[in-house]
Amino acid sequence: MIRKHPILGVLFAWIAIYAIFAYLKPNTFLAFDIVELMMRQSIIIGIGALGMTYVIINAGIDLSAGSVLALSSVSGALVYNQTGSPSLVVLACLSTGLIFGCLNGVLVSRLKAGPFIVTLGSMLALRGLAKGFAHEKTVSIVDKFVQPDLLLFNLASGLPKSQKWQLFPLGAWVWIVFLVILAVALNYTTFGRNVVAVGSNEAAAKLCGIPVNSVKVGVYSLAGFFFGLAGLMSFSRTTLGDPTSGAGDELKMIAAVVIGGASLSGGEGSMVGTALGVLIMSTISIGCSQMAIPNWIQEILTGVIILTAVAIDRWRASKLAAA
Amino acid sequence: MSIAENATLACRNTFLFSPKLSEFQADHWISELGVKAKHSRQKIRELSGGNQQKIAFARLLESDSDLMLLDEPTRGIDIASKATLYQQMDFAAQRGCGILMTSSYLPELLGVCDRIVVLNRGKLMGIFDARTTNAHKLMQECIA
């Protein structure tokens with residue numbers, strides 16, 4: 001059954017990891033508060049990984065995710081300092097992501113140099129741009145606009161007692177809603193099916209009349225949108241526009257997508273798998289810090305889990321090929 | 001990708017994609033063309049080359065095109081399936097679909113085509129009516 005439904009394997013892995021921590025520290029891990037903490041810590045990587053899943057299913061990769069995230073949080077902070085308007089901040093973050101995602105898509109489909117090289121270039125260039133906009137320092141919020149109670153600054157923070165009925169902060173709900181939308185879109189729209197088709201065999205997809213280049217531009221724009229949204233969440237959590245934020249986040253997103261059962265050669269992967277991949281990583285990170293396990297062990301554990309996920313994936317692929 | 005997704009890849013321009021509908025359409029072609037598959041949700045890469053070829057042909061038929069370009073359509077397909085394919089090409093032609101096929105197997109061309117064009121090193125050697133020509137004449141043009 002697991003061979004046919006790889007998501008179940010990821011689900012069992014998450015449950016197993018959670019169960020180990022719950023056994024070691026039942027008081028913490030059997031309370032709802034830890035689930036809320038886990039969701040809050042997953043928001044930024046989780047939202048970014050939504051876009052990354054589409055890119056990887058499309059047989060691409062986007063290394064500029066962390067830089068777009070930083071650029072988005074810087075532009076959010078700059079716009080907030082100019083206008084004090086939360087809705088303009090949201091608009092600034094999302095459009096920053098969308099514009100640079102679109103640019104990535106155009107470059108990937110026109111340059112034909114492979115998405116790894118193209119987005120490596122834009123990763124460096126956009127990081128530089130973010131630092132330039134921020135004058136090489138973090139943009140903090142000007143005093144007259146400091147409003148800690150504003151929803152904009154509580155998208156990813158713990159809920160006060162009076163709002164506990166919401167279960168998770170708004171940012172986590174945004175993640176869940178987009179997760180459902182993208183999962184449905186992947187399976188029930190022509191665009192989603194084209195994304196898979198281009199990812200599994202680009203040449204064949206082209207011969208079938210699928211507009212390969214437009215699909216790619218669409219996928220990278222969509223991904224950019226979610227990196228921008230992740231940047232908004234980062235700005236919300238830190239209340240800073242930090243041009244160095246999100247460095248290395250692209251690799252965490254890619255790791256989550258791979259743990260979730262996607263293949264880096266494209267054509268395979270699922271949104272729910274990715275979400276479980278994100279939860280596995282944050283379960284390990286929270287579990288280790290609750291157990292006072294040092295950071296370096298946590299990093300080794302995450303690495304081992306990624307390697308295990310890839311090994312299982314290869315094993316499954318060879319079994320299928322033999323069947 | 002599944003057989004169903006592959007068979008309907010070329011023909012959907014609607015916003016929404018219905019897996020149920022595409023499975024229904026693919027099931028039709030699986031029985032019509034005698035594809036050896038468990039069900040239409042099976043991954044296409046699990047099929048043999050000949051059966052993959054049939055699904056690729058089903059994709060053309062499903063897209064209801066006016067003109068088909070077939071490059072060696074029966075290569076790697078067993079004899080019984082070849083007959084099915086020829087029959088489907090005939091149905092399509094009767095529907096008004098033009099078919100341009102290339103083949104390196106002369107008996108096949110003589111059996112299936114109305115007209116045969118011989119190209120020799122990029123030069124047009126002649127257009128022949130399949131009913132009045134024969135393999136010997138065509139071969140002469142090919143090696144001339």
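Preceding block: the structure.
Residues numbered from 1 in each chain as written. Chains lettered and ligands numbered in written order. Predicted model: local features only at pLDDT ≥ 70, side-chain atom pairs only at ≥ 80, totals over all residues. Heavy atoms only, no water.

Things to note about the overall build of chain A
Part 1: Along the backbone of chain A there are 13 helices and 2 strands.
Part 2: Here the C-alpha radius of gyration of chain A, 20 Å, is about what a compact globule of 323 residues would show, namely 20 Å.
Part 3: Each of the three principal axes of chain A carries a C-alpha extent, and together these read 65 × 50 × 35 Å.
Part 4: Taking all 323 residues of chain A together, 50% fall into the buried category.
Part 5: Element-wise, carbon and sulfur atoms account for 69% of the exposed surface of chain A, whose accessible area totals about 14,500 Å².
Part 6: If you average the places of the 20 positive and of the 13 negative side-chain charges in chain A, the two averages end up 8 Å apart. (Helix = DSSP H or I, 4+ residues; strand = E, 2+ residues; numbered from the N terminus. Rg over C-alpha atoms; globule rule 2.2 N^0.38 Å. Buried < 20%, exposed > 50% of the residue type's maximum accessible area, 1.4 Å probe, protein only. Areas by Shrake-Rupley, 256 points an atom, 1.4 Å probe, with all protein chains shown as cover. Lys, Arg positive; Asp, Glu negative; His and termini not counted. Charge placed at Lys NZ, Arg CZ, Asp CG, Glu CD.)

Quick notes on the overall build of chain B
Part 1: Scanning chain B for helices and strands turns up 6 helices and 4 strands.
Part 2: Starting at the N terminus and ending at the C terminus, chain B contains elements arranged as α-α-α-β-α-β-α-β-β-α.
Part 3: Overall size of chain B, expressed as C-alpha extent along the three principal axes, is 55 × 30 × 25 Å.
Part 4: For chain B, the residues scored as buried account for 41% of the 144 residues in total.
Part 5: Counting contacts in chain B only where the partners sit at least 6 residues apart, residues at least 24 apart contribute 49% of the total.
Part 6: Working note: accessible area of chain B is about 8,700 Å², and carbon and sulfur atoms make up 55% of it.
Part 7: Computing the positive centroid from 17 side-chain charges and the negative centroid from 16, chain B places the two 4 Å apart. (Contact = heavy atoms within 4.5 Å.)

Brief notes about the interface of chain B and chain A
Part 1: In this complex, chain B contributes 14 residues to the contact, which on the side of chain A involves 12 residues.
Part 2: Both faces considered, chain B and chain A share a buried interface measuring about 1,200 Å² in area, 60% of it formed by carbon and sulfur atoms.
Part 3: In terms of surface lost to chain A, no three residues of chain B exceed Met1(B), Leu9(B) and Phe17(B), which account for 44% of the buried area on that side.
Part 4: Across the contact surface, chain B and chain A share 1 salt bridge.
Part 5: Arg45(B) is the salt-bridge partner of Glu268(A), the closest N and O atoms lying 3.9 Å from each other.
Part 6: Connecting chain B to chain A are 1 residue pair in polar contact (both at pLDDT 80 or more).
Part 7: For the side of chain B that touches chain A, a count of residues per class yields 7 nonpolar, 2 polar and 5 charged. (Buried area = accessible area lost by both parts, 1.4 Å probe. Salt bridge = Lys/Arg side-chain N within 4 Å of Asp/Glu carboxyl O. Polar contact = N/O pair within 3.5 Å; in protein donor to acceptor, adjacent residues only side chain to side chain. Nonpolar A, V, L, I, M, F, W, Y, C, P; charged D, E, K, R; others polar.)

Regarding helix H4 (residues 65–83) of chain A
All names here are of chain A.
Part 1: Between its terminal C-alpha atoms H4 stretches 27 Å, which fits the 27 Å expected from 19 residues at 1.5 Å a residue.
Part 2: For H4, the buried fraction is high: 15 of the 19 residues fall into the buried class.
Part 3: A positive backbone phi angle near 70° is found at Gly84, which sits one or two residues after H4. (Expected span 1.5 Å × (residues − 1).)

Some words on the pattern of salt bridges
If charged atoms from side chains of opposite charge come close, those side chains can pair.
Part 1: If you walk through the whole model with that rule in mind, you get 7 salt bridges over all chains.
Part 2: Taken together, the shared-partner salt bridges in this structure form one network comprising Glu36(A), Arg40(A) and Lys164(A).

Looking at the packing of helix H1 (residues 6–24) of chain A against helix H12 (residues 271–290) of chain A
All names here are of chain A.
Part 1: Taken N-terminus to C-terminus, the directions of H1 and H12 make an angle of 15°; their axes are 9 Å apart at the nearest point. Judged on the interaxial angle alone, H12 and H1 are roughly parallel. In terms of crossing hand, the pair formed by H1 and H12 is left-handed. Between H1 and H12, the contacting residues are Ile7, Val10, Leu11, Ala13, Trp14, Ile17, Tyr18 and Phe21 on the first element and Val272, Gly273, Leu276, Gly277, Leu279, Ile280, Thr283, Ile284, Gly287 and Cys288 on the second.
Part 2: Among the residues making up the contact of H1 with H12, the classes are represented as 14 nonpolar, 4 polar and no charged. (Axes fitted to C-alpha atoms, helices over the stretch in contact; angles between N-to-C directions. Parallel < 35°, antiparallel > 145°, perpendicular 65-115°, else oblique. Left-handed = near helix turned anticlockwise from the far one by under 90°.)

Focus: the pairing of strand S3 (residues 115–120) of chain B
The two faces of a sheet get side chains in turn, since along a regular strand they alternate between them.
Part 1: Side chains of S3(B) alternate between two faces, with Ile116(B), Val118(B) and Asn120(B) buried and Arg115(B), Val117(B) and Leu119(B) left unburied.
Part 2: Linking two consecutive strands that pair antiparallel, namely S3(B) and strand S4 (residues 123–129) of chain B, is a turn of 2 residues; a positive phi of about 50° is found at Arg121(B) within it. (Pairing = 2+ DSSP bridges.)

Some words on a nonpolar patch on the surface
Residue and element names in this part refer to chain A.
Part 1: Side chains of Phe32, Leu151, Leu167, Leu170 and Trp173 sit close together on the surface and give an oily, nonpolar patch of about 440 Å² of accessible area.
Part 2: In this structure, Leu151 sits in the loop between strand S1 (139–140) and helix H7 (170–188).
Part 3: On the accessibility criterion, Leu151 (53% relative accessible area) is exposed. (Patch = residues over 30% accessible without salt bridge, like charges linked within 9 Å, V, L, I, M, F, W, Y side chains within 5 Å.)

Focus: the packing of helix H3 (residues 32–57) of chain A against H7(A)
Residues and elements named next belong to chain A.
Part 1: Closest axis-to-axis distance for the H3/H7 pair is 9 Å, and the angle between their directions is 20°. Classified by the angle their axes make, H3 and H7 are roughly parallel. Every pair of crossing elements has a handedness; the one defined by H3 and H7 is left-handed. From H3, Met39, Ser42, Ile43, Gly46, Ile47, Leu50, Tyr54 and Ile57 reach across to H7, where they touch Gly171, Ala172, Trp175, Ile176, Phe178, Leu179, Leu182, Ala185 and Leu186.
Part 2: By residue class, the composition of the contact of H3 with H7 is 14 nonpolar, 3 polar and no charged.

As for the environment of Arg237(A)
Residues and elements named next belong to chain A.
Part 1: Structurally, Arg237 can be placed in helix H10 (residues 212–238).
Part 2: Given the relative accessible area of 47%, Arg237 is considered partly exposed.
Part 3: Setting aside anything within four residues of it in sequence, one finds Arg237 in contact with Arg40, Gln41, Ile44 and Ala156.

Concerning the pairing of S4(B)
Part 1: Summarising the sheet, S3(B) and S4(B) pair through 6 bridges and their orientation is antiparallel. Note that in S4(B) the partner of Ile116(B) across the bridge is Phe128(B).

Section: the state of the cysteines
Residues and elements named next belong to chain B.
Part 1: The tally for this structure, following the rule as stated, stands at 0 disulfides over all chains.
Part 2: Unpaired in this structure, Cys97 has its nearest cysteine sulfur neighbour in Cys113, at a distance of 13 Å.
Part 3: Of all cysteine sulfurs, the one in Cys142 lies closest to Cys113, which takes part in no disulfide; the gap is 13 Å. (Disulfide = S-S within 2.5 Å.)

Re helix H8 (residues 190–200) of chain A
Part 1: With 9 of 11 residues buried, H8(A) lies mostly within the body of the structure.
Part 2: Taken as a whole, H8(A) has its buried residues at Thr190(A), Gly192(A), Arg193(A), Asn194(A), Val195(A), Val196(A), Ala197(A), Val198(A) and Gly199(A).
Part 3: Close packing links the buried residues of H8(A) with H3, H7, helix H9 (202–207) and H10 of chain A together with helix H1 (3–7) of chain B.

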